[in-house]
Amino acid sequence: MDNERGEGRYEGADAGTDASADAQDAFRTLLRAQRVWDTELPAFDPATAPGAPLPLFHRWFAEAVAAGQPEPHTMTLATADERGRPDVRTLMLHDADVRGWHFATHATSAKARQLAARPEAALGFYWAAQGRAVRLRGAVTVADAAETRADLRARSKGALAAALVGRQSEVLGSLAELARASEDAWERAGHDPAPEARSWTGYVLVPDEAEFFQGDARRQHVRLHYRREGTTWTRQLLWP
């Protein structure tokens, strides 16, 4: 009996390993079958680029919208934790002006705690519809509280409700608990014209570096890099 049970466990382990290997092979086949930029891409002549990154970002953003890019205001935010390990997440851009690139989160969230300890970050945008990407890196400052409140009230009802739920990055006991909190927040967002989300905080990334990447079907990608030099910007091309 012991031998039979032992053999059964051994055969089960082999079966699991084989299934895992098959799944891995299937994943790799699927992964390698994916196409990149299976569409006509726009040309980008860096000689025509403006002297600072903000006007070019505004132009590329508008062109991404016109090209039908889903959620072009979605971006990645990279920070570092207390051990210096990189951390990344996806969130929404709230504005981009002469002060910098704006976003918001709860002051109690993991990214806010990381920014409080190390107030530097990087942002990344990817607009696949045109094979374009933008990267920015620099110091992060906390926005004025009045500005943060005004921005929150200008957001959609869903965005406002999400901010009112709060408790971002805390351990969640169950999905039912989230559903109750979300329903309460949606109701409050619908009835209160000026609700308070006390931990909701605005941030501004002030870039000292920016890179604009234009993909090319023949892999002759154009990379234009901006670096802040005092009050001006220098530009240079980078190898793909």
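Keep in mind the model is a prediction, meaning the values are calculated, not measured.

Draft legend 1. Up close: the nonpolar core. One finds F57, W101, F103 and F125 to be the most contacted residues of the largest nonpolar core, which totals 31 residues. Looking at this core, the elements with two or more residues in it are α2 (53-66), β1 (74-80), β4 (100-106), α3 (110-117), β5 (120-127), β6 (132-142), β7 (200-214) and β8 (222-229). It is α2 that provides the largest number of residues to this core, a total of 5 residues. By size, the runner-up hydrophobic cluster in this structure holds 10 residues, among which are A163, A185, A189 and W200.

Draft legend 2. Structural detail: the side chain of T201. Along the polypeptide, T201 turns up in strand β7. In terms of polar contacts, T201 uses its side chain to reach the backbone carbonyl oxygen of S199, at 3.0 Å.

Draft legend 3. The pairing of β8, seen in detail. Here β7 pairs with β8 via 6 bridges, running antiparallel. The residue bridging Q214 from the neighbouring strand is V222, located in β8. As paired strands, β8 and strand β9 (residues 232-238) are joined by 7 bridges and run antiparallel to one another. Bridge pairing in β9 links Y226 to R235. Taken together, β8 and the strand that follows it, β9, pair antiparallel across an intervening segment of 2 residues, in which G230 is found at a positive phi of about 70°.

Draft legend 4. Summary view of the pattern of salt bridges. Counted by the stated rule, this structure contains 10 salt bridges. Note that D87 is salt-bridged to R89, the shortest N-O span being 3.3 Å. Since its relative accessible area comes to 28%, D87 is described here as partly exposed. In this structure R89 comes out as buried when scored by relative accessible area, which is 16%. The partner of E209 in a salt bridge is R227, and the shortest N-O contact between them spans 3.7 Å. Taken together, the residues span a long stretch of sequence, with E209 in strand β7 and R227 in strand β8 at a distance of 18 residues. Beyond isolated ion pairs, a larger network of salt bridges with shared partners links R59, E63 and R132.

Draft legend 5. Focus on the confidence of the model for the chain. Mean pLDDT over the chain: 88, with 92% of residues reaching 70 or higher. The low-confidence segment residues 1-10, where pLDDT is below 50, has 0 contacts with residues more than four positions distant or belonging to other chains.

Draft legend 6. Broad picture of the environment of E170. Tracing the chain through its elements places E170 in the loop between α5 (157-165) and α6 (175-191). A sequence separation of 62 residues divides E170 from T108, and the C-alpha atoms of the two residues are 8.7 Å apart.

Draft legend 7. Up close: a nonpolar patch on the surface. Taken together, the side chains of L172, L175 and L178 define a hydrophobic patch exposed on the protein surface, amounting to about 290 Å² of accessible area. Topologically, L172 is positioned in the loop between α5 and α6.

Draft legend 8. Just the packing of α5 against α6, in detail. Contact pair α5 / α6: the axes reach a minimum separation of 8 Å and the direction vectors enclose 125°. What the angle tells us is that α5 and α6 run oblique. α5 and α6 meet at a crossing whose hand is right-handed. Contacts from K157, G158, L160, A161, L164 and V165 in α5 reach A181, S182, A185, W186, R188, A189 and G190 in α6. Across the contact of α5 with α6, the residue classes break down as 8 nonpolar, 3 polar and 2 charged.

Draft legend 9. Expanded view of the environment of Y126. By secondary structure assignment, the location of Y126 is in strand β5. Look past the residues within four positions of Y126 in its chain and what remains in contact with it is W37, Q69, R132 and A133. Within the local environment of Y126, its side chain forms a polar contact with the side chain of W37, the two groups lying 3.2 Å apart.

Conventions and cut-offs
Residues numbered from 1 in each chain as written. Predicted model: local features only at pLDDT ≥ 70, side-chain atom pairs only at ≥ 80, totals over all residues. Heavy atoms only, no water. Core = buried A, V, L, I, M, F, W, Y, C linked by side-chain atoms within 4.5 Å. Buried < 20%, exposed > 50% of the residue type's maximum accessible area, 1.4 Å probe, protein only. Helix = DSSP H or I, 4+ residues; strand = E, 2+ residues; numbered from the N terminus. Polar contact = N/O pair within 3.5 Å; in protein donor to acceptor, adjacent residues only side chain to side chain. Pairing = 2+ DSSP bridges. Salt bridge = Lys/Arg side-chain N within 4 Å of Asp/Glu carboxyl O. pLDDT = per-residue confidence, 0-100. Contact = heavy atoms within 4.5 Å. Patch = residues over 30% accessible without salt bridge, like charges linked within 9 Å, V, L, I, M, F, W, Y side chains within 5 Å. Areas by Shrake-Rupley, 256 points an atom, 1.4 Å probe, with all protein chains shown as cover. Axes fitted to C-alpha atoms, helices over the stretch in contact; angles between N-to-C directions. Parallel < 35°, antiparallel > 145°, perpendicular 65-115°, else oblique. Left-handed = near helix turned anticlockwise from the far one by under 90°. Nonpolar A, V, L, I, M, F, W, Y, C, P; charged D, E, K, R; others polar.

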